[in-house]
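Spelled out, the chains give:
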Protein chains: 2
Amino acid sequence: MPTNTPVAFLGLGLMGRPMAFHLLERGCKVAVWNRSAGKTAGFAEKGARVAESPADAAKGAKLVFTCVGDAPDVEEVLFHDLAGATTKADLGTLFVDHSTISPAKAHDLEVSLRDEGFRFLDAPISGGQKGAIAGQLAIMCGGAEADFAEAEPVMRAYGKNIVHVGGPGMGQVCKACNQVLVVANIMGVAEALNLAKNLGANPEKVLEAVKGGAAGSWSLENLGPKMIAGDDSAGFYVKHQQKDLRIVLEAAREAGLPLPGTALIHELYKIVQNRGGDEKGNHCLFRALEVMKGSDWRAE
Amino acid sequence: MPTNTPVAFLGLGLMGRPMAFHLLERGCKVAVWNRSAGKTAGFAEKGARVAESPADAAKGAKLVFTCVGDAPDVEEVLFHDLAGATTKADLGTLFVDHSTISPAKAHDLEVSLRDEGFRFLDAPISGGQKGAIAGQLAIMCGGAEADFAEAEPVMRAYGKNIVHVGGPGMGQVCKACNQVLVVANIMGVAEALNLAKNLGANPEKVLEAVKGGAAGSWSLENLGPKMIAGDDSAGFYVKHQQKDLRIVLEAAREAGLPLPGTALIHELYKIVQNRGGDEKGNHCLFRALEVMKGSDWRAE
């Protein structure tokens, strides 16, 4: 599909806004919509059509992207009786959902859309707001190969590592796996640096000594220094991490698969949440360990 | 200290043997000793002096390296009444212990050796047999700055990232942190790939999609493919991993520090050990998850 394809982008949050701007920069004809209208600021000036509703945005679009919260939000944006995107979209339109929802829900969406004559890819993203702004997101896609081939060149506007993982729902399965890895690595960094500090070692020296070997991870290099500095600011919110882990653990439960580590981490994040940390960074798992050790930490 | 310094190397196991050979290649005058004499094969031909006992090996050495099992082994090699290295070593000799033992024990050793007029560095290593053979070990050192400066050029024979972490015991603290990171990362990879498989995704595709981002780690890239292939062979034994975690958890307990993740992983490895997996690789934590899911896996 050429990059000047008419597309709609629904959901202009921390991630969606920079993604939609990248589509405009690539030369796409973009219609945008957001639930709270303030987020559409700046789009008209760049040549986007600011739509009244998802339905309005979807008119004439070949591709309709969604980037909202959880499954109920996606469902409303797509299927609302009066204003949902499917009410005005052309038959055959390809819907691409960048939200993180459960694999089962993604599968249901694909079936519902196909029943109505549309097509669907689940395409959750990773890389944070930083990745969205830089146009360097990882995109994990589930759906038909031909649909992936059609959407992929357009997603290149904001994606870097764009992988077709498998059939419907497999993008969300991959995202679930991604989140399991992210939080396990964070837990390791949090425990290791707390251990270093409590046993009298300089955590910066420890980080330097171990990062290049079998202990190394993205989390150690990128989040370790924030933990050492006591910087709680968010690259990815604790509350969103917890939503994603809830999805992971539900999917695992449905499959009868124990995930003891992920389940423990989900519990530990509650210590952070119960002290006001919902909008702190997901590396603040280290605060849970500090609290368990006796600290009075609360989010400011 | 020049690289032709007379040194002793005590303990020629999987790690010690290639390390001692590297010292010979660098031009050191090396005396070697091993508890079971068979491991000294090949050393005389390369110009080493094969000693009768630790005491015999330590005669005339400026540096005495130990690379044995746990703290009681180190103590015996150094302090045995009749054959211990300290019985024949010159006053002022610098002892460098590459074994992984507890930080508290390393601290005790330093005090004991200093009381007898010797010097000591705790210098545990990371990188596995592969790293020892390649001469690319990470070495985490605790002790006096001047002693580190003296030993460092000699350790370059087999070390790459050689860091002076802090005072006595701090090398072992660093190694403990290293092991916490290693097993947390392994747990993440094991849970993520099990999840992928159980939810119908191709684990190779998942690995490809996520390894370059925030989910990335040495474990994912190096041990993920072994888990996917069902290859249980060891780079690092489960039994040694468990010994190291026991040291970590004891040190944390003494400091009153909870390490919930590491404690859980130590329990999960018991599933692998109870099915004959002591000499399988530490990535076989994924077998514990398979067993929890219903698999009949036993080590062959």
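Because the structure is predicted, anything quoted here is derived from the model rather than measured. (Residues numbered from 1 in each chain as written. Chains lettered and ligands numbered in written order. Predicted model: local features only at pLDDT ≥ 70, side-chain atom pairs only at ≥ 80, totals over all residues. Heavy atoms only, no water.)

## A closer look at the nonpolar core
Condition: Definition used in this section: a nonpolar core is a set of buried Ala, Val, Leu, Ile, Met, Phe, Trp, Tyr and Cys residues joined via side-chain atoms within 4.5 Å. We call a residue buried when its accessible area falls under 20% of the maximum for its residue type, exposed when it is over 50%, and partly exposed in between, using a 1.4 Å probe and counting protein chains only. Whether two residues touch is decided by their heavy atoms; if any such pair falls within 4.5 Å, the residues are in contact.
By size, the foremost hydrophobic cluster in this structure holds 101 residues, and its most contacted members are Leu-195 of chain A together with Leu-195 of chain B. When residues no more than four places from it in sequence are discounted, the contact partners of Leu-195 of chain B are Ala-176, Cys-177, Val-180, Val-248, Ala-252, Leu-257 and Leu-259 of chain A.

## As for helix H8 (residues 203-210) of chain A
Since one α-helical turn is 3.6 residues long, residues separated by three or four positions face the same way. Just so we agree on the cut-off: Helix and strand assignments follow DSSP, with helices taken as H or I runs no shorter than four residues and strands as E runs no shorter than two, numbered in order from the N terminus. By construction, the arc corresponds to the directions joining the helix axis to the C-beta atoms. Polar contact is defined as a pair of N or O atoms within 3.5 Å, subject to the rule that within protein one atom must be able to donate a hydrogen and the other to accept it, and that residues adjacent in sequence are counted only when both atoms are side-chain atoms.
By the burial criterion, the buried members of H8 of chain A are Pro-203, Val-206, Leu-207, Ala-209 and Val-210 of chain A. The buried residues of H8 of chain A occupy an angular sector of 165 degrees when projected down its axis, which confines them to one face. Against helix H7 (170-198) and helix H9 (218-229) of chain A together with strand S8 (137-142), strand S9 (159-166) and helix H7 (170-198) of chain B lie the buried residues of H8 of chain A. N-cap assignment for H8 of chain A: the residue whose side-chain oxygen lies 2.9 Å from the backbone N of Glu-204 of chain A is Asn-202 of chain A.

## A closer look at the packing of H7 of chain B against helix H10 (residues 238-254) of chain B
All names here are of chain B. Heads up, the condition is: Only the stretch in contact is used when a helix axis is fitted, and all axes are lines through C-alpha atoms; the angle between N-to-C directions ranges over 0 to 180 degrees. Under this scheme an angle from 65 to 115 degrees is roughly perpendicular, one under 35 degrees roughly parallel, and one over 145 degrees roughly antiparallel; angles in between are oblique. The hand of a helix crossing depends on one turn: near helix anticlockwise from the far one by less than a right angle means left-handed, and clockwise means right-handed. Under the convention adopted here, Pro, Cys and the residues Ala, Val, Leu, Ile, Met, Phe, Trp and Tyr are nonpolar, Asp, Glu, Lys and Arg are charged, and Gly plus all remaining residues are polar.
Put simply, H7 and H10 touch, their axes get as near as 10 Å, and they point 120 degrees apart. It follows that H7 is oblique to H10 by the angle criterion. With respect to the hand of their crossing, H7 and H10 are arranged in left-handed fashion. Between H7, through Lys-175, Ala-176, Gln-179, Val-180, Val-182 and Val-183, and H10, the contact on the second element is made entirely by Gln-241, Asp-244, Leu-245 and Val-248. Counted by class, the contact of H7 with H10 contains six nonpolar, two polar and two charged residues.

## So, the relation of the copies chain A and chain B
Going by this rule: All copies are superposed by least squares; the fitting set is the C-alpha atoms of residues with a pLDDT of at least 70 in both.
With an RMSD of 0.0 Å, chain A superimposes on chain B once it is rotated by 180 degrees and translated 0.0 Å along the axis. The relationship between the two copies is best expressed as a two-fold rotation axis. Relative to the rotation axis, the closest C-alpha in chain A is found at Ser-217 of chain A, a distance of 1.9 Å. Here 100% of the interface residues in chain A have copies in chain B that are interface residues too; the copies meet face to matching face.

## Concerning the domain arrangement of chain A
All names here are of chain A. Defined as follows: An automatic or database domain assignment supplies the residue ranges for each domain. Joining two parts hides part of their accessible area as seen by a 1.4 Å probe, and the buried area is that hidden amount summed over both. A carboxyl oxygen of Asp or Glu within 4 Å of a side-chain nitrogen of Lys or Arg is what we treat as a salt bridge.
With domains assigned, chain A is organised as domain 1 (6-167) and domain 2 (173-292). The interface is formed by 12 residues belonging to domain 1 together with 10 residues belonging to domain 2. The contact between domain 1 and domain 2 buries some 980 Å² in all, and 65% of this surface belongs to carbon and sulfur atoms. On the domain 1 side of the interface with domain 2, the three residues burying the most area are Thr-100, Pro-103 and Met-140, jointly 45% of the side's total. Along the contact surface separating domain 1 from domain 2 lie one salt bridge. Between Arg-246 and Asp-70 there is a salt bridge whose closest N-O contact spans 2.8 Å. Where domain 1 packs against domain 2, one counts five residue pairs in polar contact (both at pLDDT 80 or more). Of all the secondary structure elements, the ones that give two or more residues to the side of domain 1 that touches domain 2 are helix H4 (103-115) and strand S7 (125-126).

## Observations concerning the interface of chain A and chain B
Each side of the interface is counted separately: chain A has 59 residues, and chain B has 59 residues. Between chain A and chain B, the buried area comes to about 5,000 Å², and carbon and sulfur atoms account for 74% of it. Broken down residue by residue, the surface that chain A buries against chain B is led by Leu-181, Leu-195 and Leu-199 of chain A, which jointly contribute 12%. At the level of secondary structure, the elements contributing two or more residues to the side of chain A that touches chain B comprise strand S8 (137-142), strand S9 (159-166), H7, H8, H9, helix H10 (238-254), helix H11 (260-273) and helix H12 (285-293) of chain A. Looking at the side of chain A that touches chain B, its residues break down into 40 nonpolar, 15 polar and four charged.

## Side note on the packing of aromatic side chains
Here is the rule: Any pair of Phe, Tyr and Trp rings, taking the six-membered ring for Trp, is counted once the centres come within 6.5 Å. Such a pair is stacked with planes under 30 degrees apart, edge-to-face with planes over 60 apart, and tilted for the rest.
Summed over all chains, the structure comprises 10 aromatic pairs over all chains. Judged by centre distance (6.2 Å) and plane angle (80 degrees), the ring pair of Phe-65 of chain A and Tyr-158 of chain A falls under edge-to-face. Taken as a pair, Phe-65 of chain A in strand S4 (residues 63-66) and Tyr-158 of chain A in the loop between helix H6 (145-155) and S9 lie far apart in primary sequence, 93 residues in all. Each member of the pair, Phe-65 of chain A as well as Tyr-158 of chain A, is classed as buried. Measuring from centroid to centroid gives 6.4 Å for Phe-9 of chain B and Tyr-158 of chain B, while their planes differ by 90 degrees, and the two rings are edge-to-face. Of this pair, Phe-9 of chain B sits in strand S1 (residues 6-10) while Tyr-158 of chain B sits in the loop between helix H6 (145-155) and S9, and the two are 149 residues apart along the sequence. Take Phe-9 of chain B and Tyr-158 of chain B: they sit in the same class, and that class is buried.

## Notes on H4 of chain A
All names here are of chain A. Threshold: A helix's residues, less one, multiplied by 1.5 Å, set its expected span.
Look at H4: 19 Å from first C-alpha to last across 13 residues, which is about the 18 Å you get at 1.5 Å a residue. Residues Pro-103, Ala-106, Leu-109, Glu-110 and Leu-113 constitute the buried set of H4. The buried residues of H4 all sit within an arc of 115 degrees when viewed along its axis, so they share a single face. Along its buried surface, H4 packs onto helix H3 (71-79), strand S5 (94-97), strand S6 (119-122), H7 and H10.

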